[in-house]
Amino acid sequence: MAACLCLCASAVAKDIQPKSGLWKYSYELLSQDGCPAEYVEYISMGGEVSLSFTLPFNAKDRLENEYIAERVGENEWWGFAYEIREDETGIATLYSDVFLNVVSETEIHERVTFRATATGSRKREIGITGGVCVGQWEVRLQRVGD
């Protein structure tokens, strides 16, 4: 298994600093092809999460550990993760990228693209039809309290 584990993000003084605390999130599935029903159902759910942000804001505070992230503009970051999983049942390749925009101290928007491919019986194990699953969704985060 190989995964990317570093970060290349920086912030500028004029960037918006999101507030730490309880955040509500919602997903909007924009498109998907070849993905299992469980994937589509998961992407349709929302919930709440406690987030803690460093000063100054760093996209790594929001993105998972395996993401590499880079600042691409004022209050904007782009990150990606790539992973290969191989065993006796086949190979699964997972790729995800995220465009993250800090809209205000209490609002963050993300656009996510996900692609998974699989070979051998691994396709059936993870429910990918045709060997490829591609999805795109938006995540909206709103701070709801401490």
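(A) View of the overall build of the protein. In terms of helices and strands, the protein carries 2 helices and 8 strands. Scanning the protein from its N terminus toward the C terminus, one meets helices and strands in the order β-β-α-β-β-β-β-β-α-β. If one aligns the C-alpha atoms of the protein with their principal axes, the spans along those axes are about 50 × 30 × 25 Å. Across the 146 residues of the protein, 35% fall into the buried class. Taking as baseline every contact in the protein between residues at least 6 positions apart, the subset at least 24 positions apart corresponds to 63%.

(B) Representation of the layout of surface pockets. Roughly 960 Å³ of internal volume is contained in the largest pocket. What lines the largest pocket is a set of 34 residues, among which Tyr42, Tyr67, Ser96, Phe114 and Trp137 lie closest to the centre.

Calculation criteria
- Residue positions are given per chain, counted from 1 along the sequence in the order it is written.
- In view of the model being predicted, local features appear only for residues whose pLDDT reaches at least 70, and side-chain atom pairs are presented and counted only at 80 or more, with totals across whole chains, interfaces and linings using the full set of residues.
- Where side-chain values are given, they derive from all heavy atoms of the structure, hydrogens and water being excluded.
- Helix and strand labels come from DSSP, where a helix needs a run of H or I of at least four residues and a strand needs a run of E of at least two; each type is numbered from the N terminus.
- Whether a residue is buried, partly exposed or exposed follows from its accessible area with a 1.4 Å probe, protein chains only, as a fraction of its type maximum: under 20%, in between, or over 50%, in that order.
- Contacts between residues were defined by any pair of non-hydrogen atoms, one from each residue, lying within 4.5 Å.
- The way it works is a 1 Å grid over only the protein atoms, where trapped points that fit a 1.4 Å probe form a cavity and open points with protein on both sides within 12 Å along at least five of seven lines form a pocket, and then any residue with an atom within 4 Å of a point lines it.
- Grid points are joined across faces, edges and corners, and a volume is the space filled by probe spheres set on the points.

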